[in-house]
There are 4 protein chains.
Amino acid sequence: MTADADPSRTADAQGGPKAVDHEQAAELAVRVENGALRLHELEDETDPDTAVAARRQLVAKKTDTDPSTIGSYGFPAGVAEPNIENMIGTVQVPVGVVGPVEINGGALEDERYLPLATTEGALLASVNRGCSVINHAGGATARVTKAGMTRAPVFRVTDVAEGLALVEWVRDHRQKLREAAESTTNHGELEDVTPYVVGNNVYLRFRYDTKDAMGMNMITIATKEVCELIEAETTASLVSLSGNLCTDKKPAAINAVEGRGRSVTADVVVPHEVVSEKLHTTPEAIAEINMRKNLIGSAKAGSFGFNAHVANPVAAMFLATGQDEAQVVEGANAITTAEVTDDGDLYFSVSLASLEVGTVGGGTKLPTQQEALEILGVRGGGDPAGSNADALAEAIAVGSLAGELSLLAALGSQHLSSAHESLGR
Amino acid sequence: MTADADPSRTADAQGGPKAVDHEQAAELAVRVENGALRLHELEDETDPDTAVAARRQLVAKKTDTDPSTIGSYGFPAGVAEPNIENMIGTVQVPVGVVGPVEINGGALEDERYLPLATTEGALLASVNRGCSVINHAGGATARVTKAGMTRAPVFRVTDVAEGLALVEWVRDHRQKLREAAESTTNHGELEDVTPYVVGNNVYLRFRYDTKDAMGMNMITIATKEVCELIEAETTASLVSLSGNLCTDKKPAAINAVEGRGRSVTADVVVPHEVVSEKLHTTPEAIAEINMRKNLIGSAKAGSFGFNAHVANPVAAMFLATGQDEAQVVEGANAITTAEVTDDGDLYFSVSLASLEVGTVGGGTKLPTQQEALEILGVRGGGDPAGSNADALAEAIAVGSLAGELSLLAALGSQHLSSAHESLGR
Amino acid sequence: MTADADPSRTADAQGGPKAVDHEQAAELAVRVENGALRLHELEDETDPDTAVAARRQLVAKKTDTDPSTIGSYGFPAGVAEPNIENMIGTVQVPVGVVGPVEINGGALEDERYLPLATTEGALLASVNRGCSVINHAGGATARVTKAGMTRAPVFRVTDVAEGLALVEWVRDHRQKLREAAESTTNHGELEDVTPYVVGNNVYLRFRYDTKDAMGMNMITIATKEVCELIEAETTASLVSLSGNLCTDKKPAAINAVEGRGRSVTADVVVPHEVVSEKLHTTPEAIAEINMRKNLIGSAKAGSFGFNAHVANPVAAMFLATGQDEAQVVEGANAITTAEVTDDGDLYFSVSLASLEVGTVGGGTKLPTQQEALEILGVRGGGDPAGSNADALAEAIAVGSLAGELSLLAALGSQHLSSAHESLGR
Amino acid sequence: MTADADPSRTADAQGGPKAVDHEQAAELAVRVENGALRLHELEDETDPDTAVAARRQLVAKKTDTDPSTIGSYGFPAGVAEPNIENMIGTVQVPVGVVGPVEINGGALEDERYLPLATTEGALLASVNRGCSVINHAGGATARVTKAGMTRAPVFRVTDVAEGLALVEWVRDHRQKLREAAESTTNHGELEDVTPYVVGNNVYLRFRYDTKDAMGMNMITIATKEVCELIEAETTASLVSLSGNLCTDKKPAAINAVEGRGRSVTADVVVPHEVVSEKLHTTPEAIAEINMRKNLIGSAKAGSFGFNAHVANPVAAMFLATGQDEAQVVEGANAITTAEVTDDGDLYFSVSLASLEVGTVGGGTKLPTQQEALEILGVRGGGDPAGSNADALAEAIAVGSLAGELSLLAALGSQHLSSAHESLGR
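Residues numbered from 1 in each chain as written. Chains lettered and ligands numbered in written order. Predicted model: local features only at pLDDT ≥ 70, side-chain atom pairs only at ≥ 80, totals over all residues. Heavy atoms only, no water.

Student: Honestly, the interface of chain A and chain D in this entry has me stumped. Any pointers?
Tutor: One frequent convention defines the size of an interface as the accessible area lost when the parts assemble. On the chain D side, the residues contacting the 16 residues of chain A number 16 residues. Each partner contributes to the roughly 1,400 Å² buried at the junction of chain A and chain D, and carbon and sulfur atoms together form 70% of this total. Across the chain A-chain D interface, the total number found is 2 salt bridges. One salt bridge connects E339 of chain D with R292 of chain A, and the closest N-O pair in it is separated by 2.5 Å. Those elements giving two or more residues to the side of chain A that touches chain D turn out to be α7 (253–258), α9 (283–301) and β9 (334–340) of chain A. The biggest single contributor to the side of chain A that touches chain D is α9 of chain A, with 7 residues. Considered class by class, the residues forming the side of chain A that touches chain D number 11 nonpolar, 2 polar and 3 charged. (Contact = heavy atoms within 4.5 Å. Buried area = accessible area lost by both parts, 1.4 Å probe. Salt bridge = Lys/Arg side-chain N within 4 Å of Asp/Glu carboxyl O. Helix = DSSP H or I, 4+ residues; strand = E, 2+ residues; numbered from the N terminus. Nonpolar A, V, L, I, M, F, W, Y, C, P; charged D, E, K, R; others polar.)

In structure tokens, the structure reads:
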């Protein structure tokens, strides 16, 4: 039984899991235990939900546990087949909403509820407070300032002379490379390639417009085609389709500097009365804390993240909307700025350098994640293509802005009260 | 209805959600819409599950969507109260297992199934292949080589002379600081404090043993107490309880170099026959790819992550076991090494500098996450204290090792076949 | 008297200092001491050498010292007027030569003596040994793989919407920007501009071909012109002609990744017999040390320099040839690679990402520095323009290669002997 | 003939070069050309100055040049023997002074002239203006906040279990390690060792108090002794005496974060009247530019240097005082801060994390460099030991402070005038 034992809700293909054949599940679990069947082969023997139940039963027995809540998932296991192997159920993470928040974006012009999934108490309350302040300030501005998904294979050459020759060949054959890449995809477009030479290694960083898809799969296939062309027409030898200058799922300056996925900024001017009435602090205090903590502190830490906790809203919105959680890494490459305007108000901004998001493909196709995208109003492909992913990026930027504003303000009000106490002693 | 409509399963407090009062939910949703009630106040009016239903209904109406699968969660909403506000249900992420894999750890000595939650198809298959190879090699060795959770407040001083005085005061009052910190906690122990001076800012990086807890809340409270002592006894003024030298949820060299949470390494020697038979490549090819991609490529990218995709298993095991997803950022600070031994075998290792994990507190208390921790055999506090979190760190390191090995081997076998083709042309 | 009291040498304008009017110098020193004249105004009152002597005399008196060796310089002080203010003489740094070394470069095809100025004993001996090995290996290959000097002003805009508008305006007015820039220079060419947006700050990184000049002055003037155009035609307001994304004289990933000045690589294949006979080690040992020290060690250190001591030859050749010593900072952004070839030989390379060099302008015009450039065969403007600076970059890369090879080999032979001892115990 | 053909100056051992035997020099040059003698063996055949002349003559002939100014050096070549091999003379760099500037340091309490050697015109004028402003503000405060020179050998172990065992052995044998280290030196003291484990590599970062010496040689010898002890008593095998976590002469976060040599800060509060009258700008403008350029700009560049041009005074004072020019690299790890005080004045600071300086040993023994140290009042060993090197560090910090202040103010006054023009149009 689920929380939604709502009579109006039917367990149809989308809405709920298929019935499990418990007898068959038990029998299959025994076959796996006996070595007659391998754990990943269960889906070959029965329907997805029964396979999942059998696997869970086997694991339960072997580990002497009862993972039944993991088995209490709310959709047919079959829909998750492209997303996982060896499934035993789902992990369930609480999801909530903040807002609605007013966004004046390049792709997203409206009030939106932002869905966040997290296990960190107080996060939504904090982001929600930020949203409320943003609304009192007339909404947040947001823009995608750069876009493009990258893949950077590494080639081995004989020596630097041959390396330079490869660089020149690539420069002279852009059109041919583009044609090879785009022969593999209806959506992706090869926009650019930047070469990097280190000894007898040549890294070629290909940048693509992947529209509404995050695009890693799309561009990996396209880049593979390009690499085959290069290997066929030059003496270079492909070592790896990814040479780590992409850079995917690692903290890397190249992403913080040059961007990957969407580079997106959200900002707002908060009138000083709003800062004092709603946030119980001053623009000056927030600007000072931002300087000492987010700028100077991060400088001293050798950081790519000059912010307070942008990874929190990024991770929570990624999780809610089916993004790749491992890409939270790059999502944290963000700079928060705060300053007092000539009118004494607070200018506040968050700039995320490398937000890799999509509204189609990957985890976005799962039922709960689709519903979260719908709540945000950005499910599926946008019109024009790419606009939904732009909108998602803007929404995450605004969520980050709200989170930063709220946390810095909280520090500011503590700082003020601490200062008051100090004066009193 | 859930996949587990298993007669043996009862919807008790732990096992399933409470029944929703749909009539009340509808009425409450109207009150929120009319402005008579605020979105976050619903839990004050009714039971948690009905509040969640009311909120979901309101959002559904406002956004013209039907987030009913989000409502199909498998446990009472009340258990998630410490973890989220404004809850509308759960997001469900497929979870599976790989292994069992043999681990020769400092805290974990056994075969274990590793639970991973992800939406990235092929990830579990890949990690599973790595686990199989590790088993053929006699298991992986794993050790936590450094531990300690950090919080680094920033203080403002008048000038560097006063800054140096503060540094000296702190050095001379370690015992007093320790007592203040430990007055707030039964578990945490203050181990160390390192000062950093930048102009009129003094950052004090406090490092704690937090046992089986990831420990951010614990040490934030303890550090607050310490800061009050410092403000009372010196002229320094606290600006922010976190000055970003902690560093939490940002990519930062200080964590990659000095560690945060657990620094943990897993390694294995894979006999060359196993490399060729199971992985269809050679130790030499894997070592070469690791050098060109993970070492030189990441060097050129200005990265803190010298690995292929450690963030993938880290994120997936974090999600399955209730860790803080935003801390995947620091989890990606990992270095993979590969070399051919004198016997022609493959030495392979992954060292994660800053893995922030716990088996108590935070998201680990949620039902599906608890079940995943049970499958791994590390639920709750360990004996001795801290050993379960150590074991979890070792398990994640081994999962990362398996993932790296499998991916590099896949690149290696492509590289070999590509090389063969080249020879053929 | 100087070491070169060679009868064939005449103290002409170039060859030696002018005679000092000691009486006038003494009188001027008194006037400065009495406050009648300011220290920097001495050149207004007399010839450069007498002014220098007067200033030295004043400082000698005030500090109770006798800086007479500083006064024993070997050229007329007047030639240094564009290079310094408040001159009291010269600091003299020993300069020597290594080589000749065989270079197969893109711009430099020959045997060359490399001049190095240093105070670090053993450096030239070490680099010289490397040169000798390179010669035994048939010479080093060298290529400039990327070139361009950068300046990145920062503009303030109202918000990100205006920031994006500026980015688009710049993209649409490349030709106009180029014309403005090139109106200020006969040599420099604006090649590229890359925008970076952070909140209400827009950084525009302009990249120029500066031919044989290092080019900072040239491009600063050109960029100033460009900025005036931008301020005139957009709403953006220039904050600083350098916004630190250039990046000049600071260690920065943007230079290590994207390059600045010349990106240049030198490499060599050293036959294994040469490695054993001349270097008393093996290709395997060198490759291993390079991996553990230069790659993994630097990775763990959070470094942009994956090398042993490239800064040593860079600093020494910069000093000898009149480059800007503060730009040694960027010169250290170098990656050394070492691997064993299929034939058992040693492939060895050094890639310097951001070597900012010139053969005209700045310190290259000073007499001793000009002589060092002549020894190297790269004094003044090249034909074609830029080829001399390319050649200088290649020479420094080869010097760095020699230095790296020699040091790693020394470590290798110690490692081997240590290993032998270990076996013996 | 030199500029100082001052009758009061005698060409004694210190004061001038020995007479060259030109006949012998010519003969020796021929022997080298004929292959009868090697270039570096000349000092075995004759006195240092004649050897230098012979080598210069040979190079002149081979390269068809006349490096006679290089030969016009002002001291006996013999004094440079510990500093260079294959000497052909000296490179002469103009040196000047700025100041005197008032310093309220921990080790340096006085007005001092700062000597700077550079080829960059306008640098001394700029630093001098900064000094003047500092004096108007009552002088700069300076403090060394951390000190210690580091060497980090890398050891190979079997696997991480053995690696952890080594870490524990080191922790348990600190005293023994200290005794081994200190058996090699009368001055150095081993203060600390920090272990870092990456796979089967263990890096041990030893930190020493090296008193007035920069100390690389001293601690390399001491660490060698320590390494022999470790190899004798454990199973670990030394790979390299430097494993690049030292980190010497490479830009590395470990130095920027943890410091190397001296961590030193200089700061000043400049009254707003002084800012406006002497610098023609405002505290607000300077603070803004510092934020947009030095903090946010450097953040976006992925930099370890959050300053405008600290490397300029560092390089110039290093060169003047005989420091190792290659260590300018680490000297650039500096953060500049600027803020408006409650009274509307300018608080301004520069913090250099890793300034590696000494007043004894290395290049400090050369004649011109000694004279520069004397001008600064810090020649030779201090009393107490270490105080002269501390004083030198403080002086360089103040020079950097002056340079930063002057450059930011110049940008500020341009910014203001530009703003005025904008208002006018």
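The rest of the description comes next.
Student: In this structure, what is going on with the interface of chain A and chain B? I would like to understand it.
Tutor: On the chain B side, the residues contacting the 134 residues of chain A number 134 residues. Overall, the association of chain A and chain B removes approximately 10,700 Å² of surface from exposure, summing both partners, and the carbon and sulfur fraction of that is 57%. Inspection of the chain A/chain B interface yields 4 salt bridges. Residue E120 of chain B is joined to K249 of chain A by a salt bridge in which the shortest nitrogen-to-oxygen separation is 2.7 Å.

Student: Would you mind going over the packing of helix α10 (residues 311–321) of chain A against helix α12 (residues 367–376) of chain A with me for this structure?
Tutor: For any two helices packed against each other, the geometry comes down to the angle between their axes and how far apart the axes lie. Residues and elements named next belong to chain A. α12 packs onto α10 with a crossing angle of 115° between their chain directions and a minimal axis gap of 7 Å. In terms of orientation, α10 lies roughly perpendicular with respect to α12. Within the contact between the two elements, α10 uses M317, L319, A320 and T321 and α12 uses T368, Q369, A372, L373 and L376. The class makeup of the residues in the contact of α10 with α12 is 6 nonpolar, 3 polar and no charged. (Axes fitted to C-alpha atoms, helices over the stretch in contact; angles between N-to-C directions. Parallel < 35°, antiparallel > 145°, perpendicular 65-115°, else oblique.)

Student: What should I look at first to understand unusual backbone geometry in this one?
Tutor: Of all residues except glycine, most have a negative phi; of all peptide bonds, most are trans. Looking along the chain, the bond that leaves C246 of chain C and enters T247 of chain C is cis, with omega of -20°. Considering the arrangement of structural elements, one finds T247 of chain C in the loop between β7 (237–240) and α7 (253–258). Non-glycine residue H280 of chain C carries a positive phi angle of around 55°. Considering the arrangement of structural elements, one finds H280 of chain C in the loop between α8 (272–279) and α9 (283–301). Its identity as a non-glycine residue notwithstanding, N244 of chain D has a phi of 75°, on the positive side. Looking at the element boundaries, N244 of chain D is found in the loop between β7 (237–240) and α7 (253–258). Residue classification places N244 of chain D among the buried residues on the basis of a relative accessible area of 0%. (Buried < 20%, exposed > 50% of the residue type's maximum accessible area, 1.4 Å probe, protein only.)

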